[in-house]
Amino acid sequence: MKKILLSTAAAAIFALVAQSANAEIKIATAGPMTGQYASFGEQMQKGAEAAVRDINAAGGILGEQLSLSVGDDRCDPKEAVAVANKFVNDGVVFVAGHFCSGSSIPASAVYNEEGIIQISPASTNPKLTEQGFSNVFRTCGRDDQQGDYAGAWLGKHYIGKKVAFAHDKQAYSKGLADLTLAAFEKAGGKAVLLETVNPGERDYSAFVTKLKAAGIDALYYGGYHTELGLISRQMREQGLNAQILSGDALNTLEFWSITGDAGEGLLFTFAPDPRAKPEAKEIVDRFKAEGYDPEGYTLYTYAAIQAWAAAATAAGSLDNAAIEAKLRELDFSTVIGPLNFNELGDRTTADYTWYEWTKGNYVEVGDVAPKM
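Since the structure is predicted, the reported quantities are computational estimates derived from the model, not experimental observations.

Observations concerning the overall build of the chain
- Looking only at helices and strands, one finds 11 helices and 14 strands in the chain.
- The C-alpha radius of gyration of the chain comes to 21 Å, within 12% of the 21 Å expected for a compact globule of 372 residues.
- In terms of its C-alpha atoms, the chain occupies a principal-axis envelope of roughly 70 × 40 × 40 Å.
- The proportion of buried residues among the 372 residues of the chain is 58%.
- A total of about 14100 Å² of accessible surface is found on the chain, and carbon and sulfur atoms cover 50% of it.
- The average position of the 33 basic charges and that of the 46 acidic charges among the side chains of the chain differ by 4 Å.

Here it is as structure tokens:
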């Protein structure tokens, strides 16, 4: 029978026999700390810093304190490899990262070669854990799970209507759009348009004109909040009031700063809000007392470090093979709820639900019916 090793944010569960730490264990997080997706990098850094602080306050791991390095890959694959190699040179033994799938996948090859455990809190492309690497895990779900949920919902509400699909050609974006479309088609739907856009542009009016000419009822967009924020605003400016839907890269309050009222009613999928889980109450309250809302992937990053720390404690060693075995063997109780991993390194369960942007914030709405 599996055994729950880790409690909630209460740091005392990390404590071993109280002793002075004579060394430091180097761990890291990596993501877009600068650039257009930097709000997600901030989430990861905040979550990692909080986890390290709590573990160290309780005595560390195996009698040693943790030290945290932060790598900025800007969601660029080449930068991600450079960051990964720097971590190797610095003696990092574990990485909670990266954010973008297009960064995690190439970085994972470096970590695999060097025997460094990687647990991504956010990279959802199925390929990440299907490369045959024993050292790669994730605390988030996969695009096929998210796509199945969103595509089935579209099939329930939009069969016979004009639905367009688009993405920005990045690994996460294309994977999510393709898998959602596949689930929509399985439900009997058919896309009226399949389009791609270039990430990082400022003017998407030509794309919006295509959508308007097709008379779409809904747009499903695979991609990030910066591009979709501009697309949403330009759709409304052109008088196109179709329902806009997307995935888990929309869970940052920065989205509304791009769209303003044009973001009203947009729907996106994400896991049930971890901030509402009783396991997270202590850490969420502490974050809010410090003036920070731990949205998005903050708690997913905290949980990645929790799981690794518990596995290392159970292994009684920093040997990666021993920790990998414990990560697959044990159940973990974390700030995002119960967590366990299958042979691939994926979560054994990953639930999704709908969120709606309204009045400057996003709220969980469940299996909501479309309003448009």
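Let's pick the thread back up.
Some remarks on helix 7 (residues 225–237)
- Counted at 1.5 Å a residue, the expected span for helix 7 with its 13 residues is 18 Å, and the 18 Å between its end C-alpha atoms agrees.
- For helix 7, the buried fraction is high: 11 of the 13 residues fall into the buried class.
- Burial in helix 7 covers these residues: H225, T226, E227, L228, G229, L230, I231, S232, Q234, M235 and R236.
- As for helix 7, its buried residues are in contact with helix 1 (38–57), helix 6 (205–213), strand 8 (218–222), strand 9 (243–246) and helix 8 (254–259).
- Just downstream of helix 7 lies G239, where phi reads positive at about 80 degrees.

Quick notes on the rules
- All residue numbers refer to positions counted from 1 along the written sequence of the respective chain.
- Thresholds applied to this predicted model are a pLDDT of at least 70 for local features of residues and 80 or more for the giving and counting of side-chain atom pairs; totals over whole chains, interfaces and linings are not thresholded and use all residues.
- Side-chain descriptors were evaluated using all non-hydrogen atoms of the structure, hydrogens and water having been removed beforehand.
- Every helix listed is a DSSP run of H or I at least four residues long, and every strand listed is a run of E at least two residues long, numbered separately from the N terminus.
- In this treatment the radius of gyration is a C-alpha quantity, and the globule benchmark scales as 2.2 Å times the residue count to the 0.38 power.
- Residue burial is assigned from relative accessible area. The probe radius is 1.4 Å, only protein chains are included, and a residue is buried under 20% of its type maximum, exposed over 50%, and partly exposed in between.
- Where accessible areas are quoted, they stem from the Shrake-Rupley method and a 1.4 Å probe; at the residue level, only the protein chains shown are allowed to cover.
- Counted as positive: Lys and Arg. Counted as negative: Asp and Glu. His and the chain ends are not counted at all.
- A single reference atom marks each charge: NZ on Lys, CZ on Arg, CG on Asp, CD on Glu.
- The length a helix should cover is 1.5 Å for every residue beyond the first.
- We call two residues in contact when some of their heavy atoms are within 4.5 Å.

In short, geometric facts, not functional conclusions.
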